[in-house]
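# Understanding the architecture of this molecule
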Amino acid sequence: MLKSWKLKEIVLMSLLAVVFGIVYLLFLHIGNIWAGFIGPIAYEWIFGIWFIVSIISMYIIRKPGAAVISETIAAAIEVLLGNAVGPRLILSGVIQGLGAEAVFAATRYKRFDIWILILAGVGSSVFSFAYGYLLGGFTVFSTGYVALMLGIRILSGALLAGVGGKAVADGLLATGSLRGYAISRPKKGDARA
């Protein structure tokens, strides 16, 4: 999978994964505080932040595997930094990355407009929710509450990961630091908006 990758792409993806592994752990603490006030639905509002590195990496590098590998590395970093979930969190990272990766794969890695990035955030939301439903004990909640959790997670994935990921990557692009990466060479029909 990484055969066609340049060393600088691997380094950038790894750097982004480390940075967001730290961000992910910080947001876990924010979610814990907020959950103390409003319950488990608190995490759903910020869940999109835990998908963002897959969107950013794929949007910049535009090669198969960028979403799933970056998300997996970020999860591993979060575990190494002390997330109490432990190694099971790495599987969660793989699943979240696969949700985004599936959307990009469906376009044959040719479309990177805002709508595809939003759908990638939604893909991560749906994949992660299914995994969470199986392992997270969601069955104790009413059907309406579970549907509300899913809806909020999808919205969070679309906005925080999709729109937010595009904003972060476009901000980095504007600095000139991404010259030489696929994002700086838009193809015909590749919408920037």
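Throughout this document, residue positions are counted from 1 along each chain, in the order its sequence is written. Restriction of local features to residues with pLDDT of at least 70 applies here, the model being predicted, together with a cutoff of 80 or more for giving and counting side-chain atom pairs; totals for whole chains, interfaces and linings are based on all residues. Only hydrogens and water are removed before side-chain values are computed, so all heavy atoms of the structure are retained for them.

### A few points about the pattern of salt bridges
Opposite charge on two side chains permits them to pair, given that their charged atoms come into close proximity. For salt bridges, the criterion is a side-chain nitrogen of Lys or Arg within 4 Å of an Asp or Glu carboxyl oxygen. Counted by the stated rule, this structure contains four salt bridges. Between Arg111 and Asp113 there is a salt bridge, with its nearest N and O atoms 2.7 Å apart. The residue Asp170 makes a salt bridge to Lys166 at a minimum N-O spacing of 2.5 Å. One end of the pair is Asp170 and the other is Lys166, both in helix α7 (residues 143-174) and four residues apart, which spans about a single turn. Here's how the labels work: a residue is buried when its accessible area is under 20% of the maximum for its type, exposed when over 50%, partly exposed in between, all with a 1.4 Å probe on protein chains only. The class for Asp170 is partly exposed, based on a relative accessible area of 23%. Lys166 sits in the buried class, given a relative accessible area of 6%. In this description a helix means any DSSP run of H or I spanning at least four residues, a strand means any run of E spanning at least two, and both kinds are numbered starting from the N terminus.

### With respect to helix α5 (residues 88-106)
A helix is expected to span 1.5 Å for every residue after the first. End to end, α5 covers 27 Å across 19 residues, agreeing with the expected 27 Å (1.5 Å per residue, within 8%). Among the residues of α5, Leu89, Ser92, Gly93, Ile95, Gln96, Gly97, Gly99, Ala100, Glu101, Val103 and Phe104 are the ones counted as buried. We call two residues in contact whenever any of their non-hydrogen atoms come within 4.5 Å of each other. Residues of α5 that are buried in the fold lie against α3 (52-61), α4 (66-80) and α6 (114-135).

### Quick notes on the packing of aromatic side chains
For any pair of aromatic rings, the description consists of the separation of the ring centres together with the inter-plane angle of the planes. Here a Phe, Tyr or Trp ring, Trp counted by its six-membered ring, pairs with any other such ring whose centre lies within 6.5 Å, and the pair is stacked when the planes are under 30 degrees apart, edge-to-face when over 60, and tilted otherwise. What the rule picks out here adds up to eight aromatic pairs. Pairing Phe20 with Tyr24 gives two aromatic rings, centres 6.4 Å apart and planes at 50°, and the pair type is tilted. Remark: Tyr24 and Phe20 occur in helix α1 (residues 7-38); sequence separation between them is four residues, near one turn of the helix. Pairing Tyr133 with Phe138 gives two aromatic rings, centres 6.2 Å apart and planes at 75°, and the pair type is edge-to-face. Take Tyr133: its relative accessible area is 35%, and that puts it in the partly exposed class. Given a relative accessible area of 9%, Phe138 falls into the buried group. Aromatic ring contacts, followed pair by pair, group Phe129, Tyr133, Phe138, Phe141 and Tyr145 into a single cluster. Any Lys NZ or Arg CZ that is within 6 Å of a ring centre and within 35 degrees of that ring's normal is treated as a charge sitting over the ring. Positioned above the aromatic ring of Tyr181, the side-chain terminus of Lys8 is 4.9 Å from the ring centre. Taking NZ or CZ as reference, Arg153 lies 3.5 Å from the ring centre of Phe47, over its face.

### Considering the confidence of the model for the protein chain
Residue-level pLDDT values for the protein chain average 93, and 95% of them are 70 or greater. The quantity known as pLDDT measures the predictor's confidence residue by residue, on a range of 0 to 100. α3 holds the highest mean pLDDT among the elements of the protein chain, 98, whereas helix α2 (residues 41-46) holds the lowest, 92.

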